[in-house]
Amino acid sequence: MEFLQPADWAEALAVKAAHPDALPIAGGTDVMVDLNFDRARPGALLDLTRVTDLTDWGTDGDWLRVGAGVTYRRLIDELAGRVPGLALASRTVGSPQIRNRGTVGGNLGSASPAGDAHPALLAAGALVELASVRGTRRVPVTEYFTGPKRSVRTPDELIAAFLVPARPGAEQFAKVGTRNAMVIAVCSFALSLDAATRTVGTGIGSAGPTPLRATEAEAFLAAELPWETRGAVPESVAARFGELVGSAARPIDDVRGSADYRRHALAVLARRALAWAWTDPGGAV
Amino acid sequence: MRVTCVVNGETREADDVWPGESLLFVLRERLGLPGAKNACEQGECGSCTVYLDGQPVCACLVAAGQAQGRTVTTVEGLAPGSGEEQLDRVQRAFLATGAVQCGFCTPGLIVAVHDLLARDPAPSDPDIREALAGNLCRCTGYEKIMEAVRLAATS
Ligand SMILES: Cc1cc2nc3c(=O)[nH]c(=O)nc-3n(C[C@H](O)[C@H](O)[C@H](O)COP(=O)(O)OP(=O)(O)OC[C@H]3O[C@@H](n4cnc5c(N)ncnc54)[C@H](O)[C@@H]3O)c2cc1C
Ligand code: FES
Ligand code: FES
């Protein structure tokens, strides 16, 4: 096995083009588990931790652009006000040790249906920036996932960054697991309410072959919310929203939970997230 | 390959490192530092916790080459010398409260608590539990560990 350690972004892209089978490694919290348990034996590791471009964030027009190598720890410490939903999701990832190393780029790279960043990115309407020596493209995160652990990323591409609207809506994230720390989600849900555009964003995790949006639920809620008066959300609206979120999921029965339980739990999470986001916009609206 | 990094204040070199091996393996098997323990090799138990550039991480999840040129502090590096009075206050508190039974989880916990108290000198109980969520102990039931952290915070 080779260990490739590019010093900057241009070199990283050149190395990836020359070694398309090299396995990128950022925080290593997914990659090293596979190596330690002999589940992966790549010809080369491509270490991205020297590439400082990947650990930057800043605004880019109407977008906030966050490098793929920014850790969960830094998202929580530095960006909680700008990516509130993603920061909430980040707090639920693993343990402090995992959050000190793990990155959103790595979560997107693994593309697990259970990745906790994904619902928050879906709800926020994020873009994933992919780059290769051929050029750079920005893919809506709704089009990024193609199956369990699969994405539109080609073998010569690296994930450069993700982008979310610079002015976030009222965002929430909720996750069901067997304990409070260190759990893979049984299911998870993220919500974004944008009062300025009167739009609703959703993201469902761990309840389908890929992370999913609940598009029908979004359209329903956007039409029914009392945006003008900001009065209480009618119970019937919250209940219907929950139902629509539950029915948008495509869950399976597995060791973590049954499909029926997941649909039910998602409906509950959706109603809760709505109540939180509507009553406590967190200064974001 | 060769990996050079600063471990517990000294520049150390490890040779013939296989690129897929972990920093934990390098510390234990190549540099003779068995403090950080190997229990799960999957980031779940925290017994391999060390500081990497000042942040607690699971050494089992850091590829050896990623530590090249970096600074590592293990539990062995927290006490200025041997002998009980030279131990770090966190180590002394663990001994005083009986927070050590088989001791397998202890080195990782000591590093995690050392970091917690550096960031928050007077943590609440929920904050302590949150900070130690990545460290498993199969012996103590955690109550003595909570006591140790409270004692260390006030000593
Ligand atoms: C104990 C433990 C608990 C965990 N808990 C959670 C949890 O609660 N929620 C959750 O979502 N995840 C969890 N994980 C999984 C993991 O921490 C996350 O998926 C994390 O986001 C991975 O990031 P990383 O930087 O460590 O990725 P790495 O392991 O370095 O890489 C992961 C994948 O992404 C690829 N990759 C990384 N960066 C790039 C890039 N820039 N371009 C292209 N490909 C790239 C790698 O090749 C690899 O395929 C946990 C893992 C452990 C060990
Ligand atoms: S051995 Fe590293 S976390 Fe268990
Ligand atoms: S003392 Fe035995 S695992 Fe903690």
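Residues numbered from 1 in each chain as written. Chains lettered and ligands numbered in written order. Predicted model: local features only at pLDDT ≥ 70, side-chain atom pairs only at ≥ 80, totals over all residues. Heavy atoms only, no water.

1. Some points on the pairing of strand E5 (residues 63–67) of chain A
Residue and element names in this part refer to chain A.
Okay, step 1: The pairing of strand E4 (residues 57–60) with E5 spans 4 bridges and is antiparallel. Counterpart to Asp60 in the pairing with E5 is Trp63.
Okay, step 2: Pairing of E5 with strand E10 (residues 158–165) involves 5 bridges; the strand directions are antiparallel. Paired with Arg65 across the strands is Leu163, a residue of E10. (Pairing = 2+ DSSP bridges. Helix = DSSP H or I, 4+ residues; strand = E, 2+ residues; numbered from the N terminus.)

2. Observations concerning the packing of helix H3 (residues 72–79) of chain A against helix H4 (residues 84–91) of chain A
Residue and element names in this part refer to chain A.
Okay, step 1: Interaxial distance between H3 and H4 falls to 9 Å at its minimum, and their mutual angle equals 135°. One way to sum up the angle between H3 and H4 is to call them oblique. Considering the relative orientation of H3 and H4, their crossing is left-handed. Every residue of H4 that contacts H3 at Tyr72, Leu75 and Ile76 is listed here: Leu86, Ala87, Ser90 and Arg91.
Okay, step 2: Looking at the contact of H3 with H4 residue by residue, the classes come out as 5 nonpolar, 1 polar and 1 charged. (Axes fitted to C-alpha atoms, helices over the stretch in contact; angles between N-to-C directions. Parallel < 35°, antiparallel > 145°, perpendicular 65-115°, else oblique. Left-handed = near helix turned anticlockwise from the far one by under 90°. Contact = heavy atoms within 4.5 Å. Nonpolar A, V, L, I, M, F, W, Y, C, P; charged D, E, K, R; others polar.)

3. Observations concerning the packing of aromatic side chains
All names here are of chain A.
Okay, step 1: If you walk through the whole model with that rule in mind, you get 3 aromatic pairs over all chains.
Okay, step 2: Between the aromatic rings of Tyr144 and Phe145, the centroid separation amounts to 5.0 Å while the plane-to-plane angle is 85°, which identifies the pairing as edge-to-face.
Okay, step 3: For Tyr144, a relative accessible area of 0% translates into the label buried.
Okay, step 4: Judged by its relative accessible area of 9%, Phe145 falls in the buried class.
Okay, step 5: Relative to Phe241, the ring of Phe189 has its centre 6.2 Å away and its plane inclined at 70°; by these criteria the two rings are edge-to-face. Of this pair, Phe189 sits in strand E12 (residues 187–194) while Phe241 is found in helix H10 (residues 235–248), placing the two residues 52 residues apart along the sequence. Comparing Phe189 with Phe241, the two get one shared label, buried.
Okay, step 6: The ring centre of Trp278 lies 4.0 Å from the NZ or CZ of Arg230, which sits over that ring. (Phe/Tyr/Trp six-rings, centres within 6.5 Å; stacked < 30°, edge-to-face > 60°. Buried < 20%, exposed > 50% of the residue type's maximum accessible area, 1.4 Å probe, protein only. Lys NZ or Arg CZ within 6 Å of the ring centre and 35° of its normal.)

4. Focus on the interface of chain B and chain A
By a frequent convention, interface size equals the accessible area lost on bringing the separate parts together.
Okay, step 1: Contacts between the two partners involve 34 residues from chain B and, on the opposite side, 30 residues from chain A.
Okay, step 2: Ranking the residues of chain B by area buried against chain A places B:Trp18, B:Leu61 and B:Gln66 at the top, with a combined share of 24%.
Okay, step 3: Seen at the junction of chain B and chain A, the total is 1 salt bridge.
Okay, step 4: Measuring nitrogen to oxygen at the nearest pair gives 3.2 Å for the salt bridge that ties A:Arg99 to B:Glu130.
Okay, step 5: In this structure, the connection of chain B to chain A is made through 13 residue pairs in polar contact (both at pLDDT 80 or more).
Okay, step 6: Listing elements by their share of the side of chain B that touches chain A, those giving two or more residues are strand E3 (49–52), strand E4 (55–58), helix H3 (106–119) and helix H4 (125–131) of chain B. (Buried area = accessible area lost by both parts, 1.4 Å probe. Salt bridge = Lys/Arg side-chain N within 4 Å of Asp/Glu carboxyl O. Polar contact = N/O pair within 3.5 Å; in protein donor to acceptor, adjacent residues only side chain to side chain.)

5. Section: the domain arrangement of chain A
All names here are of chain A.
Okay, step 1: On domain assignment, one finds that chain A holds domain 1 (2–46 + 56–165) and domain 2 (170–279).
Okay, step 2: Here the C-alpha centroids of domain 1 and domain 2 sit 24 Å apart.
Okay, step 3: Summed over both sides, the interface of domain 1 with domain 2 buries roughly 1,700 Å², with 67% coming from carbon and sulfur.
Okay, step 4: The largest share of the area that domain 1 buries against domain 2 comes from Pro113, Pro119 and Ala123, three residues that together contribute 28% of it.
Okay, step 5: Counting every contact that joins domain 1 to domain 2 gives 1 salt bridge.
Okay, step 6: A salt bridge links Asp116 to Lys175, with the nearest nitrogen and oxygen atoms 2.6 Å apart.
Okay, step 7: Viewed at the interface, domain 2 and domain 1 are joined by 5 residue pairs in polar contact (both at pLDDT 80 or more).
Okay, step 8: For the side of domain 1 that touches domain 2, the secondary structure elements donating two or more residues are H4, helix H7 (117–124) and strand E8 (145–147).
Okay, step 9: Ranked by residues supplied to the side of domain 1 that touches domain 2, first place goes to H7 with 6 residues. (Domains from an automatic or database assignment.)

6. Overview of the nonpolar core
Okay, step 1: Counting 81 residues, the largest nonpolar core has A:Trp9, A:Leu75, A:Leu86, A:Val104, A:Leu121 and B:Leu27 as its most contacted members.
Okay, step 2: The residues touching A:Trp9, leaving out its near neighbours within four places in the chain, are A:Val51, A:Asp53, A:Leu54, A:Ala131, A:Leu158, A:Ile159 and A:Ala160.
Okay, step 3: The next biggest cluster of nonpolar side chains, apart from the first, holds 31 residues, and it includes A:Leu212, A:Val237, A:Leu266 and A:Ala270. (Core = buried A, V, L, I, M, F, W, Y, C linked by side-chain atoms within 4.5 Å.)

7. Some thoughts on the site of ligand 1
Okay, step 1: Around ligand 1 lies a shell of 35 residues, among which A:Pro24, A:Thr29, A:Asp30, A:Tyr72 and A:Thr103 are the nearest.
Okay, step 2: At the site occupied by ligand 1, nearby residues are drawn from chains A and B.
Okay, step 3: A distance of 2.6 Å is found between an oxygen atom of ligand 1 and a side-chain nitrogen or oxygen belonging to A:Thr29.
Okay, step 4: Between ligand 1 and A:Val183 there is a distance of 3.3 Å, counted from an oxygen atom to a backbone nitrogen or oxygen.
Okay, step 5: Against a free-state accessible area of 990 Å², the protein chains account for coverage of 92% of ligand 1.
Okay, step 6: Secondary-structure elements contributing two or more residues to the shell around ligand 1 are strand E2 (23–25), helix H6 (104–110) and E10 of chain A.
Okay, step 7: Broken down by element, the residue count for the shell around ligand 1 peaks at 5 residues, all from H6(A). (Near = heavy atom within 4 Å. Areas by Shrake-Rupley, 256 points an atom, 1.4 Å probe, with all protein chains shown as cover.)

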